[in-house]
Amino acid sequence: LLPTAIGLSHPVMQLAWEPQANRDALLDLPTLEGCNHVERVKPGASLLAVREAVGGTSVSRDPRTPHSALPVMAIQNVGKGKVLSLAADTTWRWEMQRPAEGEDFYRRFWGNAVRFLAPDPRITPNAPQVLRTQSHHAVGERITLATRLVDAVYKPIREADLAVKVTSPSGKMLHIYPRDGRDTPGVYEYSFALDEPGPWQVAAAYGGKTSTDEIVAGDGDEELDD
C-alpha cells in the first residue's frame, strides 16, 4: 500500500503523530494479498493510496496516480455522508503479521476510518444542539458551551442567526447571540459565569428549532471530589 501525497496528511491515514513516523508506519505495513483492479477514481474523490502495477497489469490512466500505479483507496463526500472505497479486503494482515511488540496499526486505521466517515450522533442537520465538554460544574466557574450548525449535507452553516437564552436558578435571564469564527466555521461558542448554585437552563434557537440543556452548578470542588 503506497500512500499518495494527500493520503499522507489525511485523517484516515494517520497512524503516528509525526509526519515522518506516519510515513514510515504506512510504508512498513505488511503487504495485502490481492486487490481489485481499478483504473481511475471519480473526479470528486480524493485518492489516498495506490499500488504498483505488476505482472503485466495495465497501468492506470488516472492522472492523479503516480506512474505505473493503480488506485487502492479513495474517499469522497456523497449526499449526507462520506464514502471510503478500499480495493483490497485483507487488511487483517496488518494485525496478524505485525511484530510482537509493534503498534496496532490495524485497529488505529479502522478507528480513524469510522470516526471520519460517521457523522457526530449529537449533530442534526439544520438544528441547534448545546454541546459541552464536561458534566460537572461548580459555582463561580465560567463555563463555555458550543452549538454546531450544519446543513442537509453536513456543511457548516456560517453567520447564522443563533440565539441562546440562559436562565439562572433564581430566574435571571441572559441573552447571547454568538458568532462562528473564520477558523471554526459553523461552530458557535458562548460562555457565562455560574454565579448561583442549582440548575441552569440553556436554550439555543435557530431556524424555528430549539434545543435545551440543564447544567447543575454544585457547591464547590469538595462536593465534586466526593
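Residues numbered from 1 in each chain as written. Predicted model: local features only at pLDDT ≥ 70, side-chain atom pairs only at ≥ 80, totals over all residues. Heavy atoms only, no water.

Asks: Could you give me a rundown of the sheet that holds strand β7 (residues 163-167), with the residues and numbers involved?
Replies: Taken together, five strands build an open sheet; the order of strands is β5-β11-β10-β7-β8 and the sheet is mixed. Both edges of this open sheet fall to β5 (137-138) and β8 (173-176), since each of them pairs with a single strand only. (Pairing = 2+ DSSP bridges. Helix = DSSP H or I, 4+ residues; strand = E, 2+ residues; numbered from the N terminus.)

Asks: Can you explain the packing of aromatic side chains? Please cite residues and give values.
Replies: Tallied over the full model, the rule gives three aromatic pairs. Plain terms: the ring middles of F109 and W110 are 5.0 Å apart, the flat faces sit at 75° to each other, and that makes the pair edge-to-face. Assessed through its relative accessible area of 2%, F109 is described here as buried. On the accessibility criterion, W110 (30% relative accessible area) is partly exposed. Pairwise contacts between aromatic rings join W94, F109 and W110 into one cluster. (Phe/Tyr/Trp six-rings, centres within 6.5 Å; stacked < 30°, edge-to-face > 60°. Buried < 20%, exposed > 50% of the residue type's maximum accessible area, 1.4 Å probe, protein only.)

Asks: Kindly report on the confidence of the model for the protein, identifying the contributing residues and their values.
Replies: Per-chain confidence: the protein averages 87 in pLDDT, with 89% of residues scoring 70 or above. Mean pLDDT values for the elements of the protein range from 56 in helix α5 (residues 221-225) up to 97 in β7. Every residue in residues 56-63 scores below 50 in pLDDT, and together they form 19 contacts with partners more than four places removed in sequence or on other chains. (pLDDT = per-residue confidence, 0-100. Contact = heavy atoms within 4.5 Å.)

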